[in-house]
Amino acid sequence: MKKIILTALMALSVLAASAQGQITTKKNKISDFTSKTLKVVLSGNTIDDLMFKEDVNAHWKISPFEYCTNSEFEALKTNPNYYFMMKVTGQFRKEKEPGLVMLTVVKGGPEAASGVASMLEVVTIPIASVQNPSGRDTNFMAAFLDILQEHILSSMESDWDGYGGLGNNNINLSKNRGPAIVLAREDICKLLDDRAVCELEDYNIKVLDAVDDVDDYMLKGTPETFVGFCVYPYGSPAGSWCYKMIIDASTHKLLFYKRHKITKGCPAGFLPEDTKRMKESRDVE
């Protein structure tokens, strides 16, 4: 989607809404979100849709919602009275093919006639690899939904949040210094050797070999525990992007959200600069 990449310059851009010079920003454009119906677009995969619906039914609170098929989306997408939430594939300029599945919320309108990429993007979060997905996104889906909702509400109040994106949450990690951070070993990049990984324990950062053990903290909503999650295209091809998150297991608050381009010298996973940030955010004696 062309609006995935946001820059500080874009955050300052506005559109003239009338000859009188009224300015319409993203905050204004989505001010009706909570009063409009959100159409949740299903994939057509029965099992995936059942699990997705279970999470949406349990966690979506900020607006009325209904489910629809892709065909119904195509018929309704130009209607500004609807917002839509769907899973889409994202492809960046230097990628040969779409590498990531994104959970996105967009607003209906006439521009949708040109495709989803032309619609007003409210918020988007990467959740899985297109090829050979790990399935971890299902364990984190409840958290993803809560993160989207919190961002939408804050974007309705502030254009800084609306245009700045999920990365504005990075400050939250240093504001919450007490809880342990739990990471999967496979989510830590190869630049950190075993010694560096072991040293993380001194900073109340636990590194577990089994991904399922990490995800259990999220599924159980373990209090006072922050859980790491990485998503990148299968095979981590150079030129693609790796997204890294740290989420509060009990409140689903997003505490850290950052991405980096994957290169030969900068592999997928949490980088040394990320673990340094984590260590600096911990309360240790």
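Residues numbered from 1 in each chain as written. Predicted model: local features only at pLDDT ≥ 70, side-chain atom pairs only at ≥ 80, totals over all residues. Heavy atoms only, no water.

**Overview of the overall build of the protein chain**
Stage number 1. Helix and strand counts for the protein chain come out as 10 helices and 12 strands.
Stage number 2. Buried residues in the protein chain amount to 47% of all 285 residues.
Stage number 3. Taking the intrachain contacts of the protein chain between residues at least 6 apart in sequence as the baseline, contacts between residues at least 24 apart amount to 67%. (Helix = DSSP H or I, 4+ residues; strand = E, 2+ residues; numbered from the N terminus. Buried < 20%, exposed > 50% of the residue type's maximum accessible area, 1.4 Å probe, protein only. Contact = heavy atoms within 4.5 Å.)

**Structural notes on the side chain of Thr25**
Stage number 1. With respect to the element layout, Thr25 can be found in the loop between strand E2 (23-24) and helix H2 (26-29).
Stage number 2. Judged by its relative accessible area of 9%, Thr25 is buried.
Stage number 3. Separated by 2.5 Å, the side chains of Thr25 and Asp159 make a polar contact. (Polar contact = N/O pair within 3.5 Å; in protein donor to acceptor, adjacent residues only side chain to side chain.)

**Quick word on helix H9 (residues 211-219)**
Stage number 1. For H9, the full list of buried residues reads Val211, Val214, Asp215 and Met218. Buried residues of H9, viewed axially, fall in a sector of 95 degrees; they line one side.
Stage number 2. Those residues of H9 hidden inside the fold are in contact with helix H5 (136-157), strand E8 (180-184), strand E9 (205-208), strand E10 (225-231) and strand E11 (241-248).
Stage number 3. Positive backbone phi, approximately 60 degrees, marks Gly221, located one or two places after H9. (Arc of directions from axis to C-beta.)

**Overview of the pairing of strand E6 (residues 100-107)**
Stage number 1. By the criterion of burial, E6 is predominantly enclosed, with eight of the eight residues buried.
Stage number 2. Where strand E5 (residues 82-90) and E6 come together, eight bridges link them in antiparallel fashion. Across the sheet, residue Gly90 finds its bridge partner in E6, namely Leu100.
Stage number 3. For E6 and strand E7 (residues 120-129), the ladder comprises eight bridges, and the chain directions are antiparallel. What sits directly across from Leu103, in E7, is Ile125. (Pairing = 2+ DSSP bridges.)

**Quick notes on the pattern of salt bridges**
Stage number 1. All told, the structure shown has 10 salt bridges when counted by the stated rule.
Stage number 2. Ionic pairing is found between Arg136 and Asp187, a salt bridge with its closest N-O pair at 2.8 Å. Linking Arg136 in helix H5 with Asp187 in the loop between E8 and helix H8 (194-199), this pair joins segments that are 51 residues apart in sequence.
Stage number 3. Assessed through its relative accessible area of 2%, Asp187 is described here as buried.
Stage number 4. Taking the shortest distance from any N to any O, the salt bridge between Glu199 and Arg195 comes out at 3.6 Å. In this pair, Glu199 and Arg195 both sit in helix H8, four residues apart, roughly one turn of the helix. (Salt bridge = Lys/Arg side-chain N within 4 Å of Asp/Glu carboxyl O.)

**What to know about helix H10 (residues 272-280)**
Stage number 1. Of all the residues in H10, the buried ones are Asp274, Thr275 and Met278. Take H10 and look down its axis: the buried residues cluster within an arc of 95 degrees, on one side only.

**A closer look at the packing of aromatic side chains**
Stage number 1. Applying the stated criterion across every chain yields a total of nine aromatic pairs.
Stage number 2. Ring centres of Tyr82 and Phe84 lie 6.4 Å apart, and the angle between their planes is 50 degrees; on these two criteria the pair is classed as tilted.
Stage number 3. Given a relative accessible area of 0%, Phe84 falls into the buried group.
Stage number 4. Ring centres 4.6 Å apart and planes at 40 degrees place the aromatic pair Phe140 and Phe229 in the tilted group. Within this pair, whereas Phe140 is found in helix H5, its partner Phe229 is found in strand E10, the two being separated by 89 residues in sequence.
Stage number 5. Connected via pairs of aromatic rings, a cluster forms that spans Phe33, Trp60 and Tyr83.
Stage number 6. Seen from the ring of Tyr67, Lys53 lies directly overhead, with NZ or CZ sitting 5.0 Å from the centre.
Stage number 7. We note Lys87 situated over the ring of Phe52; from NZ or CZ to the ring centre the distance is 4.7 Å. (Phe/Tyr/Trp six-rings, centres within 6.5 Å; stacked < 30°, edge-to-face > 60°. Lys NZ or Arg CZ within 6 Å of the ring centre and 35° of its normal.)

**Here's the deal with the sheet that holds strand E4 (residues 65-68)**
In a beta sheet, neighbouring strands pair by backbone hydrogen bonds and run either parallel or antiparallel.
Stage number 1. Overall, mixed pairing links the five strands, which are arranged E4-E3-E5-E6-E7 in an open sheet. Edge strands, defined here as strands with exactly one partner in the open sheet, are E4 and E7. Mean inter-strand twist for the sheet, computed between neighbouring axes without regard to direction, equals 25 degrees.
Stage number 2. When strand E3 (residues 37-41) meets E4, the two strands line up parallel, connected through four bridges. (Axes fitted to C-alpha atoms, helices over the stretch in contact; angles between N-to-C directions.)

**Focus on the packing of H5 against H9**
Between two packed helices, the angle of one axis relative to the other and the distance separating the axes together describe the packing.
Stage number 1. Close contact between H5 and H9 brings their axes to 9 Å; oriented N to C, the two are set at 20 degrees. As the angle between them shows, H5 and H9 are arranged roughly parallel. Seen along the crossing, H5 lies across H9 with a hand that is left-handed. Packed against H5, whose contacting residues are Arg136, Asn139, Phe140 and Ala143, the element H9 presents Val211, Val214, Asp215, Met218 and Leu219 at the interface.
Stage number 2. Grouping the amino acids of the contact of H5 with H9 by side-chain chemistry returns six nonpolar, one polar and two charged. (Parallel < 35°, antiparallel > 145°, perpendicular 65-115°, else oblique. Left-handed = near helix turned anticlockwise from the far one by under 90°. Nonpolar A, V, L, I, M, F, W, Y, C, P; charged D, E, K, R; others polar.)

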